[in-house]
Each structure stands twice: as C-alpha cells, then as structure tokens.
Amino acid sequence: MIAVGGGPGYGEGDRQVIALTDVSESPPGAFPLVGRARELELLLAAARRPPATVLVEGEAGIGKSRLVREAAARLAREGHCVLTGHCHPLREPLPYGPLVDALQKAGPWLPAEGLPVAAAPLARLLPSLADRLPSTPPRPPDPPTERLLLVQAVRALLASLGPAVVIVEDAHWADEATRDLLLLLARDPLDQLCTVLTYRAEDLAPDTPVLGAAYRPLPGTGGTVLRLGPLTGPDIRELARAALGERATAELADSLYRRSEGLPLVAEEDLLTLREQHPGPDDPVERLRDADVPRGLREAVTERLARLSPPAATVVAAAAVLAVPSTEQVLGAVAGLDESATGAALVEALRCSILRESDGHSYAFRHTLAQQVAYRRLPGPTRRRLHAATVDVLERQTPQPLVQIAHHALALGDRPAWLRRTEAAAAQAAAVGDQGTATTLLRQLLQQPDTDSRTRSAAALDFARLASQGVDYNAGATALREILADHRVPARTRGEIRVGYGLLLLSQAADRQGFAELAQAVAELGDSSPEALPAMAALALDESATREQAELWMARAEQAVRGTPDAELAARVRATRLTLDASTGHPAVWAALERLPRHGLDLGVLRQTARALANAGDCAIDLGEDGRAARLVTEGIELARASGHRSVELYGALNLLRLDGLAGRWAGLEERFDALATAHPDTPVVDVERAVFQGVLGLAQGRPGRAAEYFAQAAAVAAGQLSMTLAGRSAAGTAATRLAQGAPDQAWAGARTALAAVRRAGSWPKAVGLVPVAVTAALACDDRAAAEALADELAQALDGRTTPAATAELHTARGLLAEQAAPERAAEEHAAAHRIWQQAGRPYHAARAAELRARALAGVHPEQAAAALAPAADTYTALDATADLARLRRLEQDLGLTRPARPGRRGYGDRLSPREEEVAALLARNATNQEIADALFLSPRTVEHHVANVLKKLGTTRKAVPATRSADPVS
C-alpha cells in the first residue's frame, strides 16, 4: 500500500494517558459501598490481570467515582501504583496538561535509576522529577513531533512504574487529543497497565463513543464495560442503616429510595443532612416528604448554602462561578474579601462539606452537580458581577488562563472579547502542542455565525491542519467536510483545506475520492501556488490513471518545486518521483533511494524519506523482490517511527504481514491480521489485505465457497481504494475460485474486466496473479486466441524492465499455452517460473510452478514429473494446503505417476487413515461435505462415508471436531 502523503500523526505504538492524581482512601465517616459488589469484583479482576481497559458508564451521581475509589484503595494496598485523575470542562492550553499534575506525583514508584532515555522530554514539564529524568533533549522543531516525543516519553515513564492502574474520571469532558491518547492506550496497551475510564454517556456528543472512535479489545487484552444503574430499595436501606443506625427505619429508607430514585448521590446528600441534624420532635420522614423537589440533591445543597455566613456564601458563590479548582488567593480576590476573611470563609465551607480541598492548594465543590445547583441559585446581577471580577483577577495572572477568560467573557455577553480570547487561546494551545484544546476552541470559533472572515479563515486552516494530523480518521474527515461545505470560508482557504482533506482520505483511508478532492484543490489554487504542490505530487500516484497522466502531474509538481526554499516540499516531490519509478521497476531507483537523507534535524524531510523507502518497499513486493522489499519496509518503519509519520508506520506493518504470507509463514497470520484490523478499525486497506489472505487460505485449504466470500469482500472495498494491486489480487482470487468451482466462463468474464483496468492504467507489473488465472480461464473456455494475445501483451509491457514476479507469471502463461503442443517447452517455462519464485522466497508459488511443470512432463518424462511433484507435496503439507495436496495426489494418479496399491485394504483400526486425516482436517475448519468433496476430488457419497468414520473414531460430533483437532498435537 503506497503512502501518497499527509501530515504526521501519532505512532500506533505510542501509549498515552491523561489527568492523574494520587489515590487516597475514603475519609473516616464516608458512606460504605453498597449494591456494587459484582462491578467491584469485575473491575478488580481486570486491574489485576493487565493489560486491560475498563469503561465505567453512568449518569451523574450514580456512583462511578465511589466505585473506582474503592477499587483504587484495595489495589494500592496490594502494591499497585494507582493514579487517579479528572477531566474538567475548562482547561488551559498545555500538552496533555492534566497529565503533568499526575506525573509530578509518580516519584515514589519510579526506579532509583535506569529510567529510559525516551522519558527525557518530560523533564521540561515535570520540574519536580527533572533530577531523576535523563537530560533534556533539544526541543523539536515542530509541534507534531514534540507531541509524538511527549507521548512516547509518557509511555516510557509509565512502563517504568511496574504494575499500574490509571483511573481517568469524567472522560466525557476529555478534549479530542486526550481522547486520541486514551484510544491509543486502549488499542495498544502497556503490558502492566490497566486503564479505567468513568464517563457520562449523556454528556457525550451524539453518536460519539467515549474514546472518540470504536474500541474493540485486542486479543490478549482484558477489560470490560460496566454500566451502573440505580441502587435498589434494599441497597438504600443498607446505606441508611450505615449512616443513621437505629434512626434508619424502614419507612425512612423507603422515603429516601422514592426521593432519590436509586441515585446514590442524592440519597447520600439527604443522609448527610439527616445525620447532621440531632433527633428532635420533627419526623425525618415528614421533613423529606415536605421538600419542594423530589430529588434530594438540590434541596440538600440549597439548605447548606442557606446556613452559610455572608462571607462564606460569597466565597462559595465565587467558587461556583470559577467552576474549576481555585486557590485561596483567587477565591478571595473574586469574592472581594481580604486574606483573613477568605480563610475563615473557606474553613466554614469545608466544614459544611460544600467545598473540598483539592491537591492541597486549591478548592472546589465536592461534585459537579453541587456546583451547578449553587451557580443556578445566584441572581443574574450577582453572577455578572462575579464573572466580571473573575475576568479582572485572571487577566492579572501570568500566564493568563485564556480559556477561562474566554468562558467568563461569553458568560458576560461580551462576544468580541470572547472571540479575541478564544482565538488567542487556540493559538497558544497550538503553539505548545496541545492539539485537543486547540481543536476544541477552533471548532467553537467556526460554529459562531458572526465570526469575521479573517478569523474564520485562519481558524479553518488551523483546524484543518490539526484534524489531518489526528489519529481518529472519521472525526477528522467529518470536521473537514463541514468546513468545506461552509461557503463563508473564502474560496482560496477552502482550496488549501481541500488539499489536507484529500491527503487525509488517501493516507488514512486509501479512499480514491481523495484524488478528486486534490484535483479540485489544484484547480482552486493554481499550479504556481506552493499549497498545491502536495496535491500535484499525490495525483502522480493515482494508479487508475494512465502512465502519461501520472507523468504529466509529476512534471507539473517538479516544475513548481524548482527553486523552492521549502526543503520538505522538495523532499515530498522527490519521494513521489522515486515511488513512481519504483512502481515500474526502473533499475536506477534503488541507488537513488540509498542517497536519501536518513539523519538531520528537519523531521519533515525525514518523514518524506520514510515515505519513499516504504513506498519503494511496497512496489518491490509487487515486482517480486521480496528480500529488498523487507529491508526497505523495515527501514521505512523505523524512520517513520522516529520522525512521526503514522500512516507510513501502519502501511509498513501491513506490508510485513503480506511478506510473511508470501514467504509461507501462515501460522498465526490470520490472528495478526485480526489484531492489526482491530487496532485500526477506520483503515479499510487493512480489511482488504486480511480478506485477500483469508481467501488464499480458503482456496488452499479446500473452502472455495468461503474463499469466494472473502475475495468478494476484498473486491467490494478495493473498488474505492488506491491500490491497483489490491484490486488485481482480489479479481485474481475470485477468478481462481470460480475455476475451482468449475465455472471457467465466470472466471474468464471477471478476469477480462480486471484486465481492462490494468490495460487502461498500463500497470502490468502490478497485475499480480491475474494473467496466469486469466490464461487458464480463457483456455478452459476455448478462447486460445485471447490467451495468446494476453501473453504477448504482457511480454511487450515488460520489455526492458526488471520485474521478477510479472516475468515469472509470463513464463507460467507461456507454459500453459505450450502444454498441449510442446510439453517440453512448457516444462521449461514452468521451470523458469519455479526458479524465480524460489529466488524470491515464495514457496507456495514455487510449489504451484513445480506442479505445473510435472503436469507438462508427465506424458514425455514421467520420472522427471514424479521428481518435480515431491518437493511440491512437501510444501503443501508444510503449509497445511489440503486442497492443493489433494489435487496433486489426484494428478499423480491421473498421470500414472504412483504405483498401484496392492490388493486388499490396509486396516487402521481406531486410527484415522490418511484420507480420513484429510477429511478431519477439513472438518476442523468447518468445511461442508460439498467443500470436502471439491477439495479432495471425491463424490459427496464417499465424503459422507469418510465423515461418519471420522466422527466415530474420534468419538465426537461434527460441531466439536474443531476443538477436538486443535487439542490433538498429532493433528
């Protein structure tokens, strides 16, 4: 899969977390945990068997925090490093800022020495740990690289903690970058880390998962989703007895349950109120029943607020307006109180359990709902006065908390001030590498109807750049489409954004629509625009276009880049030229690749070198130079990882799996494809490659029906993809399946359609597997003239090129054509193909060529034919290619290459005969009787007989055969 370009993103191997603080046990007098025994055990079980991800979902006040706090306390006593953190609705720009507070306190769990060098970038952000971290490296030249190095540093530091549990509270408030971090951590977890997220589904954007994209646990990764519901009546009675003792009558407990509707927070607030009131003549049930609102929280908070002295009420009102944990000094300044009065007011608010101390330096409400009740209770003039005071106080801070100032300006109705502050906050966030806060703020700017043209254009461009660098393809693509549809954005700005959108479609989804977007962007921007250069370079790699069209786009890009001072743009065009030359087998391309820069401070240039190496490796696979391909792909991955080019890393990993398949390393390969597909659910090309391999496996193992389904699935997705190779291999697989099913006319019709696409593009070296199956189908349909013309066309297309794979397939085509009239010449052609496949390191292809050579020699040199079949049989046996082995044995019999069996039948007793072993192997793959018959060239009646014998000897049922055979080391 060729990478056409696109911005850098996070490497899939990077592990990332957010906002962490120390865990502490519940204070004395806290309520016991009731009604959550099952959920607690599930959470603890996952945490004790990392890697794991646990999602705890529930409405506000349902007890998510209480559950994870109890689990954290138990795990901490067991020796785990437990770090708990919180997301907040307002957060100032700082790369993964909440994380910094957490890691400052990770010191007790860090090893005394030997911290990995990769952790060094954290030294700037963790001054308290700077003396324990490796020396600070030079600051990277661009924010994407700085973010990448930072998340790698986080991963390295967390890995050094040993068994650890990260609890992230209120993840519904996480910004986009934070969600990206959590998603990557969940998809590619550290071996000793368990991540726990709490969130409110109702506070997420519509149809948005808590991690921003679908999360599916990888094989071997633990975890669960815990959806907390209301407590039951007996649960509330148990809670009441723990809080009130004998005062907790059944009637009172029932009243609490009705008022709270099972919401723990509401019941606890009521119980706190009742517990603090001494028993008197008033019936507590009557007091609860006479409350204006049936839910307990609002009146409980209101009652407490009403008991506060004026100074304490003012400080609490200031805390409600500030809405984030704030220091004593800030609270006093907003409230307009001196130091002494502020301190006394805070003590009163703490004793009344309205505010809590956070991290020893700041103060906030005990929970968000209480803050909301207190804020809504404030009269309008009081709110405005406190918001204005807050702006005055925050503007005197250095640095200014721009996000908070913007929030308060909007609350005051000062839209011009809000726009200025939000724009400045977004710029600050982007400058320090806080992608999440930047994108959130930019989206807010773009959603405002009265944003001026200059601000809207700048915000749109910045947002497009950040969206194209994110790890969540769907979110980025959706956001860019929204901007392109907004005609308030100037046309030229839309052209620049369209370049990023097109590259995103190509690099992360391999979606052919990206080429159309890029062509439109070039029309909008013009050839002379530097912003159009990446689009022109990418358009040169459109494999569905003709070679002449590709060269035209390449020439336009090379003309535009001449004399540019932008080293990265020049490197991009050079990498595209090398990719284009490699795709045709140009002999000079390999030496040119060696001259590309591998070192230096310009990470943009290094990313383009990584792209060129990986793309050339991809082309080398199509050409049949697998050894060279493996070296280029591996080097490309390493350089992509170091320079932060995520898509190159992904496609490189995919090509390594493809190389393993070609090299016959099939054991466990399906699971590895599954793992990669799970880790990248939004990357269709992974699904296509997996489906093609599954189709090949299905054919080799005698399941043509399922192989047809896999190839059809691959073809459906590949139709909109970039790669001619993927489409060609899908079509070749489908045609081979039709031949195996005895439908050569269908095989020939499908092959002709695919060949027409190859012919239009002139990409014969990429038509891997298509020509031999097309020639076979044409001959089976008595269309020899078309088969001969096809072979001649391929020979002409390959003239003067070094294309081992296509050359081997040309030999195969010629061998098939010569088999009847000139069997010895046919054998020579197949032998030539066999040598090429052996040299390339493709044993399955080599075995097929050897089988064809034996078939050609059988009538003239039977001894040589028998000798050729022996290594092919060994290869099929080693690969567990049941259908191929059965076809070979049938060929041996048909051609008289095996000695006739002696009279009488050999008895196998309770053991399976060789034929029964073959049947059992197919049953273990859930093959139907018809599939077994097709694979082993037997009649359905004979298969029924063999199946009955297998089930009898194994003492099992058909459904249980897969488990029986997987547990049998002999099978």
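Our structure is the block above this text.
Residues numbered from 1 in each chain as written. Predicted model: local features only at pLDDT ≥ 70, side-chain atom pairs only at ≥ 80, totals over all residues. Heavy atoms only, no water.

With 12 residues, helix 18 (residues 435-446) should cover 16 Å at 1.5 Å per step; its first-to-last C-alpha distance of 16 Å lies within 8% of that length. Most of helix 18 sits out of view: 9 of its 12 residues are buried. Every buried residue of helix 18 is listed here: Gln435, Gly436, Thr437, Ala438, Thr439, Leu441, Leu442, Leu445 and Leu446. (Helix = DSSP H or I, 4+ residues; strand = E, 2+ residues; numbered from the N terminus. Expected span 1.5 Å × (residues − 1). Buried < 20%, exposed > 50% of the residue type's maximum accessible area, 1.4 Å probe, protein only.)

Where helix 11 (residues 310-322) contacts helix 15 (residues 380-395), the two axes come as close as 10 Å, and the packing angle between them is 70 degrees. The orientation of helix 11 with respect to helix 15, classified from their angle, is roughly perpendicular. Residues Ala317, Ala318, Val321 and Leu322 of helix 11 form the contact with helix 15, whose participating residues are Leu386, His387 and Thr390. Here the residues of the contact of helix 11 with helix 15 sort into 5 nonpolar, 2 polar and no charged. (Axes fitted to C-alpha atoms, helices over the stretch in contact; angles between N-to-C directions. Parallel < 35°, antiparallel > 145°, perpendicular 65-115°, else oblique. Contact = heavy atoms within 4.5 Å. Nonpolar A, V, L, I, M, F, W, Y, C, P; charged D, E, K, R; others polar.)

Glancing now at helix 34 (residues 744-761). Helix length check: helix 34, at 18 residues, gives a terminal C-alpha distance of 26 Å against a target of 26 Å (1.5 Å per residue), a fit within 8%. All buried positions along helix 34 are accounted for by Ala747, Trp748, Ala751, Ala754, Leu755, Val758 and Ala761. Seen along its axis, helix 34 keeps its buried residues to an arc of 135 degrees; they face one direction. In helix 34, the exposed positions angled more than 90 degrees off the buried face are occupied by Asp745, Thr753 and Arg760. (Arc of directions from axis to C-beta.)

Looking now at the side chain of histidine 80. By the secondary structure assignment, histidine 80 is in the loop between helix 2 (64-77) and strand 3 (81-86). Not counting residues up to four positions away in its chain, the partners in contact with histidine 80 are Ala47, Arg48, Leu75, Trp109, Pro163 and Val165.

Opposite charge on two side chains permits pairing when their charged atoms draw close. One pass over the full model with this rule turns up 32 salt bridges. Ionic pairing is found between glutamate 517 and arginine 498, a salt bridge with its closest N-O pair at 3.0 Å. Of this pair, glutamate 517 sits in helix 22 (residues 513-525) while arginine 498 sits in helix 21 (residues 491-509); the two residues are 19 residues apart in sequence, bridging distant segments of the chain. Comparing glutamate 517 with arginine 498 shows no difference in burial state: the two are buried. (Salt bridge = Lys/Arg side-chain N within 4 Å of Asp/Glu carboxyl O.)

What follows covers the packing of aromatic side chains. For the structure shown, the criterion picks out 4 aromatic pairs. Judged by centre distance (6.2 Å) and plane angle (80 degrees), the ring pair of tryptophan 666 and phenylalanine 693 falls under edge-to-face. On the criterion of sequence distance, the pair formed by tryptophan 666 in the loop between helix 29 (646-662) and helix 30 (669-679) and phenylalanine 693 in helix 31 (residues 684-700) is long-range, its members being 27 residues apart. For phenylalanine 693, a relative accessible area of 9% translates into the label buried. Members of the aromatic cluster, joined through ring pairs, are Trp666, Phe673, Phe693, Tyr844 and Tyr876. Geometry around tryptophan 173 places arginine 200 over its ring, the cationic atom sitting 5.3 Å from the centre. The residue whose ring lies beneath arginine 383 is tyrosine 375, and the NZ or CZ to ring-centre distance is 5.6 Å. (Phe/Tyr/Trp six-rings, centres within 6.5 Å; stacked < 30°, edge-to-face > 60°. Lys NZ or Arg CZ within 6 Å of the ring centre and 35° of its normal.)

Formed by 46 residues in total, the largest nonpolar core has its most connected members in Leu103, Leu122, Leu133, Leu157, Leu161 and Leu211. Listing elements by their share of this core, those giving two or more residues are strand 3, helix 3 (97-103), helix 4 (143-159), strand 4 (164-169), helix 5 (176-187) and strand 5 (193-199). Counting residues per element, this core draws most heavily on helix 4, which supplies 8 residues. Ignoring any residue separated from it by four or fewer positions in sequence, one finds leucine 133 in contact with Leu115, Ala119, Leu122, Ala123 and Leu157. (Core = buried A, V, L, I, M, F, W, Y, C linked by side-chain atoms within 4.5 Å.)

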